[in-house]
Amino acid sequence: MRPVGQDPRWEVFAGLHAFLKETFPLVHARLNVTTVNTYNLVMHWQGNDLSRKPVLIIGHQDVVPVDPATLHQWEHPPYSGHYDGTWLWGRGSCDDKGDVISTLLAMESLLEEGFQPERTIVLAFGIDEESSGKEGADKIYTYLNARYGRDSFAVLLDEGSGYGSQFGEDTIFVVPSTSEKGYLDALVEVTTPGGSSAIPPPHTVCMSSLSSSNTLPLTWTGFPSTTKAIGILSSSIVALESHPHAPQLHRTNTAFTTIQCTTAHDPRIPQTLRDLAHAALTSDSALEQLKHAMIEFDPTMYGAMLRTTQAVDLVGGGVRANALPERAWAVVNLRIAEHSSVREVQEHLVKTLQPVAERFGLEFKAFGKNLSVPVLEGNAPGRKDEKGGMLRISDAFGTALEPSPPTPLDGEPYKLLAGTVKATLRESKRHQQKNVIVSPVVENGNTDTRAYWNLTRHIFRYTHLGDEDMYNGLHTVNEAVRVDALLESIQFLTMFILNWDEAD
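Being a predicted model, the structure only gives us computed values, none of them experimental. Position numbers for residues count from 1 along each chain, tracking the sequence in the order it is written. Only residues with pLDDT of 70 or above have their local features reported here, since the model is predicted, and side-chain atom pairs are shown and tallied only from 80 upward, although totals for entire chains, interfaces and linings are computed over all residues. The side-chain numbers reported here are obtained from all heavy atoms of the structure, hydrogens and water having been left aside.

*Asks:* What am I meant to see in the nonpolar core here?
*Replies:* Nonpolar side chains in soluble globular proteins generally cluster together in the buried interior. We define a nonpolar core as any set of buried Ala, Val, Leu, Ile, Met, Phe, Trp, Tyr and Cys residues linked to one another through side-chain atoms lying within 4.5 Å. Each residue is assigned to one of three classes by its accessible area relative to the maximum for its type, calculated with a 1.4 Å probe on protein chains only: buried under 20%, partly exposed between the two thresholds, exposed over 50%. Counting residues in each nonpolar core, the largest one holds 42 residues, and the members touching the most others are Leu104, Leu157, Val174 and Phe496. The contact definition used throughout considers only heavy atoms, calling two residues in contact when any of these lie within 4.5 Å. Excluding anything up to four places from it in sequence, Leu104 contacts Leu20, Phe24, Val27, Met43, Leu123 and Phe125. Val190, Val332, Ile336 and Ala366 belong to the second-largest nonpolar core, a separate cluster that totals 28 residues.

Shown next, in the form of structure tokens:
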């Protein structure tokens, strides 16, 4: 979409704002409601004590679209808001309209009760979290930073992970995200001379002939000048998937705390693994063993948690069946581990793909730099084709993001969040008698908090919903939320505000 003011599709938010103004009259009458970049909402509830840092609660008004081809699969229309007595149906009910409406209901109820905060409360609801945040969170941050300044908020609460019963029916495991992985969409492009598919090159490189060491068959003698772009791209993808990022486990990272909590409380954990986790507190050799043991215990969860992940999600090339494409491309989505960085990931891509460029005699450019090797004599790897060809890596959409600064776990804000969650769950009729364990986790995705790192060190991505409170998950057919859980979410948000108002 084009920017706000240049694309009429943004105007749909005006209707939502009219609904919110009608539904929450006290919020709009008593709070200072500001629009940023036309459709972002920022609401200020001025506290009595200006010496206290404000609380910032954020969310987003936008939702992912519904694929028209799936409309017949919905039990109730995706924009109906149908309530069947248990579930509230519709796109956004779980992400993130549920959070936004719950926050406003908590605020409206506090106003109805005559509550006046000592600490200022700020709400900020963006408009494009699901796509980029450039028109939403980025613009809100500029506004808040100009008004309040760096490190000006005591805490930030956003949507995120919730809680579940994976440790057994008598235990609730709460997992607020206290850090986020970084992000990079790497565009891998191959450009070569085209030609007729009626007279194709004899072969590019058979994918099965490329070993994990990126070596060529001994019978390789070079390639003709019209090497296939798609074949080279395929070899590049094979090279990337043959060289995944190595997992790492550090005591200072969030993942280490998650593992310590899990091994201490998960009844599925064998005693030998518990002992290893305890030994890893001080022993480096035990720490290395623990890394491999956790990946073996749960390859999906810990395999992703402890390393930078990569996935080829987009591929393209060619316009006709009878013409060799002059360009083939793929987008590799990378989620950067807390211990790594954008630069380190870029260096890994260069190290992995430069041998491919050399093998095919292609010019090699990566992230704005020409890294081509010198032209070699003879028909051998490294010889630049006289007709030209290039392998290039770049930031596909200009959205590279470093891993977030981790929230301190030894401070009062984390303890206050954990205490609020525990108190809410223990007052719930559904969970009164259950043991509650709170453990920080790393968020594999990214929320709007990526724009607000400079405003506070204490950022929590947490939605007060259980793993059985979403009918079919997020971003999918039949998105629905359990209404009893929404009521408890309102209770959590109310208690969160009250507890922060009493905190020093």
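*Asks:* How should I be thinking about the environment of His464 in this particular structure?
*Replies:* Here His464 lies in strand 19 (residues 459–466). In this structure the C-alpha to C-alpha distance between His464 and Ile140, which are 324 residues apart in sequence, comes to 24 Å. Excluding its chain neighbours within four sequence positions, the residues that come into contact with His464 are Tyr163, Val421, Thr424, Leu425, Ala485, Glu488, Ser489 and Phe492. Polar contact is defined as a pair of N or O atoms within 3.5 Å, subject to the rule that within protein one atom must be able to donate a hydrogen and the other to accept it, and that residues adjacent in sequence are counted only when both atoms are side-chain atoms. Only 2.8 Å separates the side chain of His464 from the side chain of Tyr462, close enough to count as a polar contact. Helix and strand definitions follow DSSP, with helices as H or I runs of at least four residues and strands as E runs of at least two, each counted in order from the N terminus.

*Asks:* What is the right way to read the side chain of Asn333 from this model?
*Replies:* With respect to the secondary-structure elements, Asn333 resides in strand 13 (residues 327–336). Among the polar contacts listed, one links the side chain of Asn333 to the side chain of Tyr183, at a separation of 3.2 Å. There is a polar contact of 2.9 Å between the side chain of Asn333 and the side chain of Arg335. Setting aside residues up to four positions removed in sequence, Asn333 forms contacts with Tyr183, Leu184, Asp185, Thr309, Gln310, Ala311 and Asp313.

*Asks:* I'm lost on the domain arrangement of the chain in this one. Help?
*Replies:* Interface size, as often reported, equals the accessible area lost upon joining of the parts. Note that the domain bounds reflect an automated or database-derived domain assignment. One can read the domain layout of the chain as domain 1 (8–178 + 406–502), domain 2 (183–197 + 226–246 + 308–374 + 386–395) and domain 3 (254–306). Between the C-alpha centres of domain 2 and domain 3 the distance comes to 35 Å.

*Asks:* What is the right way to look at the pairing of strand 2 (residues 40–45) in this model?
*Replies:* For a regular strand, the rule is simple: side chains alternate between the two faces of the sheet. Where burial is concerned, most of strand 2 is hidden: six out of the six residues are buried. Note: strand 1 (residues 32–36) against strand 2, five bridges, orientation antiparallel. Residue Val36 lies in a different strand from strand 2, and its bridge partner there is Asn40. In this scheme, strands are said to pair when DSSP sees at least two bridges between them. Taken together, strand 1 and the strand that follows it, strand 2, pair antiparallel across an intervening segment of three residues, in which Asn37 is found at a positive phi of about 55°. Where strand 2 and strand 5 (residues 121–126) come together, five bridges link them in antiparallel fashion. Residue pairing across strands places His44 opposite Val122, the latter belonging to strand 5.

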